[in-house]
Amino acid sequence: MSLKRIARHLVQHHWRVKQIFPQAALDRIEQAIRQGETTHSAQVRFVVEGALDGRPLFRNQPARERAIDLFSHLRIWDTAHNNGVLIYLLLADRDVEIVADRGIDAKVGAAGWETICRAMEAEFRSGQFERGVIAGIAAVSRELARHFPPQGPHANELPDAPVVM
């Protein structure tokens, strides 16, 4: 377990999420998800977590593992066409993870998701968090539109609002 990582998570207060993502930014992110979902028949969720605490932190849970837990907890895997996608940002680690259900993951693959994550992280390094998230949502939506184009009206199976933890 890295003491540096623990210290970073303990110092990275949850108020920092509200500073980086004020309500107006969260509203624009929600709108980007809603707009993206008009171009495909899949579901996209965005979760931002300021820092890990308690058991996940002291277990030294990696961001990827945390994202998989949230993918399950938020039931993103439970979409009609197995094409739900989670974009997860762990601010304290400045780490973006994309977890995709098997229907879309088999088509895009780890390398495709990783490219999107790295582009988002580059925006974050320059302080452009909202722009990075919206660009990531657009990139994910392009992949989803290519593999799961809309086929008539479809139900919005998952909320579009970002989850702030």
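Some thoughts on the nonpolar core
In step 1: F21, F46, I87, W113 and V140 are the most contacted members of the largest nonpolar core, which totals 32 residues.
In step 2: Residue assignment for this core shows that the elements contributing at least two residues are α2 (15-20), α3 (23-36), β1 (43-49), β2 (84-90), β3 (95-100), α6 (102-125) and α7 (129-147).
In step 3: If sequence neighbours within four positions are ignored, I87 has contacts with V44, R45, F46, V47, V96, E97, I98, M120, G136, I137 and V140.
In step 4: By size, the runner-up hydrophobic cluster in this structure holds 13 residues, among which are A63, A67, L70 and V99.

With respect to the sheet that holds β1
In step 1: Pairing in this open sheet of four strands is mixed, and the strands run β3-β2-β1-β4 from one edge to the other. The open sheet is flanked by β3 and β4 (163-164), the only strands paired with a single partner.
In step 2: Together, β1, β2 and β3 form the strand contacts of helix α5 (residues 63-73), whose direction differs from that of β3 by roughly 40°.

Observations concerning α5
The periodicity of an α-helix, 3.6 residues per turn, causes residues three or four places apart in sequence to face the same way.
In step 1: The set of residues buried in α5 consists of A63, R66, A67, L70 and F71. Viewed along the axis of α5, the buried residues span an arc of 145°, placing them on a single side of the element.
In step 2: Trailing α5 by a residue or two, R75 shows a phi angle of about 60°, which is positive.

Reading the values: rules and limits
Residues numbered from 1 in each chain as written. Predicted model: local features only at pLDDT ≥ 70, side-chain atom pairs only at ≥ 80, totals over all residues. Heavy atoms only, no water. Core = buried A, V, L, I, M, F, W, Y, C linked by side-chain atoms within 4.5 Å. Buried < 20%, exposed > 50% of the residue type's maximum accessible area, 1.4 Å probe, protein only. Helix = DSSP H or I, 4+ residues; strand = E, 2+ residues; numbered from the N terminus. Contact = heavy atoms within 4.5 Å. Pairing = 2+ DSSP bridges. Axes fitted to C-alpha atoms, helices over the stretch in contact; angles between N-to-C directions. Arc of directions from axis to C-beta.

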